Amino acid sequence: MKAVLLTNHGGPEMLTYGEAPDPSAGSGEVVVDIHAASVNAADYKGRLGSARSNLRFPHILGRDFSGVVSEVGPGVTDLAVGDAVFGVCDQGIEGAYAEKIAIKAAIIAKKPDRLGHVEAAAMALTGLTALWALEDTAQLKAGETILIQGGAGGVAGFGIQLAKHIGATVITTASANNHDYVRRLGADRVIDYNAQDFTKAVSDCDVVFDTVGGDVQIRSYAVLKPGGRLVWIAAAPEGSQPPRSDVKVLRPGVARDRKHLERILELLDAGAVWPPNLIRYKLTDAAEAHRVSESRHLQGKLVFEVR
Ligand SMILES: NC(=O)c1ccc[n+]([C@@H]2O[C@H](COP(=O)([O-])OP(=O)(O)OC[C@H]3O[C@@H](n4cnc5c(N)ncnc54)[C@H](OP(=O)(O)O)[C@@H]3O)[C@@H](O)[C@H]2O)c1
């Protein structure tokens with residue numbers, strides 16, 4: 001099969017399009033012929049490498065996908081060849097920038113016809129992450145106020161819609177050219193973080209959802225009311241400590257399971273969420289997609305149309 005191969009840690013030029021071995025379905029697994037795979041911020045971070053990274057090259061990046069089951073392994077009874085499915089690779093496993101992937105059947109879900117492959121791939125990891133962060137971890141409630149950092153991004157975009165559906169007041173940060181977009185997603189108030197210091201403009205939040213990290217996370221503590229919750233998915237500066245002890249600091253586990261993927265579909269059916277703005281690429285254009293992702297100022301999601 002064809003795949004995007006990461007040949008070493010480094011720049012986007014380390015991504016090459018070439019041949020990789022076909023996967024086969026082990027016990028409890030299916031092979032999925034991938035129709036679409038999405039680009040997540042984790043992908044360029046993995047490409048760049050870190051002290052903890054011990055990838056074996058060539059490595060295939062990519063965490064979420066949508067496609068059609070083409071092989072069923074022993075013990076799988078709830079999926080069949082020809083089923084359209086979508087999902088997220090298990091923790092610590094990647095490989096969705098490819099024409100095929102083998103994956104545990106129990107952690108993927110059937111994709112309804114009304115949702116296209118590109119849209120399903122775009123919503124898989126972002127939806128799963130936002131659900132774990134806001135519903136399971138922060139336990140956001142109707143009537144609460146939430147500040148979502150980085151509203152135009154993939155996870156935050158789903159998070160804005162989910163928080164509105166829950167009944168919270170949603171404040172978000174975005175650069176000026178993304179304000180219409182985040183308002184369309186449901187944000188009640190938008191702060192241009194380039195023009196205004198959000199710590200001066202916002203106070204007394206019940207929850208901050210930080211998808212930006214770094215210094216933004218440290219400054220976010222200032223806008224929480226006593227007893228508030230800071231839930232984060234992008235790290236604070238290394239070695240930094242929470243500056244307040246009267247708030248909860250929470251990191252969602254983001255386990256992969258069918259239940260949360262089906263919750264995404266339930267929210268779509270309820271009209272509570274819809275797919276993000278999409279920028280489409282071919283697998284052969286992976287390096288260009290990574291340049292955009294790494295610039296950290298995209299709107300919505302970048303998705304590969306694989307077939
Ligand atoms: N399981 C997990 O823990 C998990 C899962 C998914 C993602 N993540 C992490 O979560 C983070 C977000 O991921 P993502 O895929 O949603 O990101 P993304 O789609 O790449 O989003 C980047 C967005 O951040 C905004 N942004 C950049 N700097 C900002 C700032 N200073 N203030 C406010 N907004 C800012 C940009 O919009 P503007 O142009 O408006 O600045 C852009 O839309 C990444 O660090 C990713 O690795 C973790």
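Above this text you will find the structure in question.
The structure reproduced in this document is the subject of the present report. (Residues numbered from 1 in each chain as written. Predicted model: local features only at pLDDT ≥ 70, side-chain atom pairs only at ≥ 80, totals over all residues. Heavy atoms only, no water.)

## A word on the environment of T199
Consideration 1: Here T199 is to be found in helix 5 (residues 198-201).
Consideration 2: Separated by 23 residues in sequence, T199 and A222 have C-alpha atoms that sit 6.2 Å apart.
Consideration 3: A distance of 2.6 Å separates polar atoms of two side chains, one belonging to T199 and the other to D197. (Helix = DSSP H or I, 4+ residues; strand = E, 2+ residues; numbered from the N terminus. Polar contact = N/O pair within 3.5 Å; in protein donor to acceptor, adjacent residues only side chain to side chain.)

## Some words on the packing of helix 2 (residues 117-137) against helix 3 (residues 154-166)
Consideration 1: Viewed as axis vectors pointing N to C, helix 2 and helix 3 meet at an angle of 50°, and their least axial separation amounts to 8 Å. Here helix 3 runs oblique to helix 2, going by the angle between their axes. In this structure, helix 2 meets helix 3 at a crossing whose hand is right-handed. Across the interface between the two elements, M123, T126, G127, T129, A130, L131, L134 and E135 of helix 2 pack against G154, V155, F158, G159, L162, A163 and I166 of helix 3.
Consideration 2: Broken down by class, the residue content of the contact of helix 2 with helix 3 amounts to nine nonpolar, five polar and one charged. (Axes fitted to C-alpha atoms, helices over the stretch in contact; angles between N-to-C directions. Parallel < 35°, antiparallel > 145°, perpendicular 65-115°, else oblique. Left-handed = near helix turned anticlockwise from the far one by under 90°. Contact = heavy atoms within 4.5 Å. Nonpolar A, V, L, I, M, F, W, Y, C, P; charged D, E, K, R; others polar.)

## So, the nonpolar core
Consideration 1: If you look at the biggest cluster of nonpolar residues, it comprises 44 residues, and the most contacted ones within it are I146, I148, F158, A163 and F209.
Consideration 2: If you tally residues by element for this core, the top one is helix 2, at 10 residues.
Consideration 3: Core analysis: the next-biggest nonpolar cluster, separate from the first, contains 36 residues, A37, I60, V76 and I103 among them. (Core = buried A, V, L, I, M, F, W, Y, C linked by side-chain atoms within 4.5 Å. Buried < 20%, exposed > 50% of the residue type's maximum accessible area, 1.4 Å probe, protein only.)

## A word on the layout of surface pockets
Consideration 1: Of the volumes computed, that of the second largest pocket is approximately 370 Å³.
Consideration 2: Taken together, 20 residues line the second largest pocket, and the ones lying closest to its centre are I93, E94, G95, I101 and A102.
Consideration 3: Sorting elements by how many residues they give to the lining of the second largest pocket places strand 6 (residues 100-104) first, with five residues.
Consideration 4: Tallied by class, the residues present in the lining of the second largest pocket amount to 12 nonpolar, two polar and six charged. (1 Å grid on protein atoms, 1.4 Å probe; cavity = no way out; pocket = protein on both sides within 12 Å on 5 of 7 lines; lining within 4 Å. Points joined across faces, edges and corners; volume = space filled by probe spheres on them.)

## Considering the site of the ligand
Consideration 1: Taken together, 23 residues surround the ligand, and among them K45, S175, Y193, R296 and L298 come closest.
Consideration 2: Contact distances for the ligand include 3.2 Å between an oxygen atom and a backbone N or O atom of G153.
Consideration 3: Here an oxygen atom of the ligand and a backbone polar atom of V155 are 2.8 Å apart.
Consideration 4: In the complex, 89% of the free accessible area of the ligand, which totals 930 Å², lies under the protein chains.
Consideration 5: Broken down by element, the residue count for the shell around the ligand peaks at three residues, all from helix 1 (residues 41-48).
Consideration 6: Each residue belonging to the shell around the ligand can be placed in one class, and the counts come to 12 nonpolar, nine polar and two charged. (Near = heavy atom within 4 Å. Areas by Shrake-Rupley, 256 points an atom, 1.4 Å probe, with all protein chains shown as cover.)

Without other data, these values stay purely geometric and don't point to any function.
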